Amino acid sequence: MIMIGEIRDLETLQIAVQAALTGHLVLSTVHTNSAAATMTRLCDMGLEDYLMTATLKAVLAQRLVRRLCRTCRVAEEAPAALRERFELDRLSGGRPVILYHPRGCADCRGTGFRGRRAIAELLIPDRNTDRLIFDGADDATIERAAIESGMRPIFESGLLAVLEGDTTIEEVVRCIRSEA
């Protein structure tokens, strides 16, 4: 197993690919806005498409959102307009949609938040993804194909954290949109 802090140039990328081709599991970071954007970023760095499809096994994109303080969070039923806009009824599985908001207390130093939680999307390339890479598709096309193949987008992962009472919709939107 080889860990590379960050791949930001062609030389580092070539070393990582060579290690992967010789049977090593290579873990690294690449700064992009989504899992699908990683593939176009690697192409932009100069990686040949056939090498990418041969070595790339999974891409995890993540963001950290602030976690609501369990001591002082305030619950309220979600308004119909909000449920419709974010498709919360579909994601809640038929349960009532309860949203929590920060209040502030001594435990969270008055912020309403305490700690962080990761929200993520995992893209596992398949034959369709490989074909799109060979065709030079953009990241939006790759992302749509990955979603059709079962990938849960990072925004939806964030909304599930909201439904679990761990964070707020505002926090998810702030974290996702600030990187876009």
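Just so it is clear, the structure is predicted and the values come from calculations on it, not from any experiment.

What counts and how
- Residues numbered from 1 in each chain as written.
- Predicted model: local features only at pLDDT ≥ 70, side-chain atom pairs only at ≥ 80, totals over all residues.
- Heavy atoms only, no water.
- Buried < 20%, exposed > 50% of the residue type's maximum accessible area, 1.4 Å probe, protein only.
- Helix = DSSP H or I, 4+ residues; strand = E, 2+ residues; numbered from the N terminus.
- Core = buried A, V, L, I, M, F, W, Y, C linked by side-chain atoms within 4.5 Å.
- Contact = heavy atoms within 4.5 Å.
- Salt bridge = Lys/Arg side-chain N within 4 Å of Asp/Glu carboxyl O.
- Phe/Tyr/Trp six-rings, centres within 6.5 Å; stacked < 30°, edge-to-face > 60°.
- Lys NZ or Arg CZ within 6 Å of the ring centre and 35° of its normal.
- Polar contact = N/O pair within 3.5 Å; in protein donor to acceptor, adjacent residues only side chain to side chain.
- 1 Å grid on protein atoms, 1.4 Å probe; cavity = no way out; pocket = protein on both sides within 12 Å on 5 of 7 lines; lining within 4 Å.
- Points joined across faces, edges and corners; volume = space filled by probe spheres on them.
- Nonpolar A, V, L, I, M, F, W, Y, C, P; charged D, E, K, R; others polar.

Trainee: Hey, could you run me through helix α8 (residues 154-163) in this one?
Mentor: For an α-helix the count is 3.6 residues per turn, leaving residues at separations of three or four pointing the same way. Across the 10 residues of α8, 10 count as buried, placing the element largely inside the fold. When α8 is considered as a whole, its buried residues turn out to be Ile-154, Phe-155, Glu-156, Ser-157, Gly-158, Leu-159, Leu-160, Ala-161, Val-162 and Leu-163. Once α8 finishes, Gly-165 follows within two positions and takes phi at roughly 80°, a positive value.

Trainee: How do you make sense of the nonpolar core when you look at a structure like this?
Mentor: One recurring pattern in soluble globular proteins is that nonpolar side chains are buried together. Judged by nonpolar contacts, the single largest core of 23 residues is most densely connected at Leu-13, Met-39, Met-52, Leu-123 and Ile-142. Going through the elements one at a time, α1 (10-21), α2 (35-45), β3 (59-68), α6 (127-134) and α7 (139-148) are the ones with two or more residues in this core. Residue contributions to this core peak at five residues, all from α2. Excluding residues that lie within four positions of it along the chain, Ile-142 makes contacts with Ala-36, Met-39, Thr-40, Leu-123, Thr-129, Leu-132, Ile-133 and Ala-137. Formed by 19 residues, the second largest nonpolar core is a distinct cluster that contains Leu-91, Val-162, Val-172 and Ile-176.

Trainee: How should I be thinking about the pattern of salt bridges in this particular structure?
Mentor: Where charged atoms from two side chains of opposite charge approach closely, those side chains can pair. If you walk through the whole model with that rule in mind, you get 12 salt bridges. The residue Arg-67 makes a salt bridge to Asp-166 at a minimum N-O spacing of 3.1 Å. Of this pair, Arg-67 sits in strand β3 while Asp-166 sits in the loop between α8 and α9 (169-179), placing them 99 residues apart in sequence. Asp-89 is paired through a salt bridge with Arg-83; the nearest N and O atoms lie 3.1 Å apart. Residue classification places Arg-83 among the partly exposed positions, given a relative accessible area of 22%. The network of salt bridges with shared partners includes Arg-67, Arg-70, Arg-117, Glu-164 and Asp-166.

Trainee: Which parts of the structure should I look at to understand the packing of aromatic side chains?
Mentor: For the structure on display, the rule yields one aromatic pair. When the centroid spacing of 6.0 Å and the interplanar angle of 40° are considered together, the rings of Phe-86 and Phe-155 count as tilted. Of the two residues, Phe-86 is situated in the loop between α4 (80-85) and α5 (88-92) and Phe-155 in helix α8; the sequence distance between them amounts to 69 residues. Pair check on accessibility: Phe-86 and Phe-155 agree, each one buried. Seen from the ring of Phe-113, Arg-66 lies directly overhead, with NZ or CZ sitting 3.9 Å from the centre.

Trainee: It is not clear to me how the side chain of Thr-55 should be interpreted in this structure. Could you clarify?
Mentor: Position of Thr-55 relative to the elements: it lies in helix α3 (residues 49-55). Reaching out from Thr-55, the side chain makes a polar contact with the backbone oxygen of Leu-51 at a distance of 2.7 Å. Once residues lying within four places of it in the same chain are set aside, the contact partners of Thr-55 are Val-17, Ala-20 and Leu-21.

Trainee: I would appreciate a short explanation of the layout of surface pockets in the present structure.
Mentor: To find leftover empty space, a probe the size of one water molecule is rolled over the atoms. Here the largest pocket is characterised by a volume of approximately 940 Å³. What lines the largest pocket is a set of 31 residues, and nearest its centre among them are Ser-28, Thr-29, Val-30, Ala-58 and Val-59. Breaking the lining of the largest pocket down by element, the ones donating at least two residues are α1, β2 (26-28), α2, α3 and β3. Taken together, the residues of the lining of the largest pocket break down into 18 nonpolar, 10 polar and three charged.

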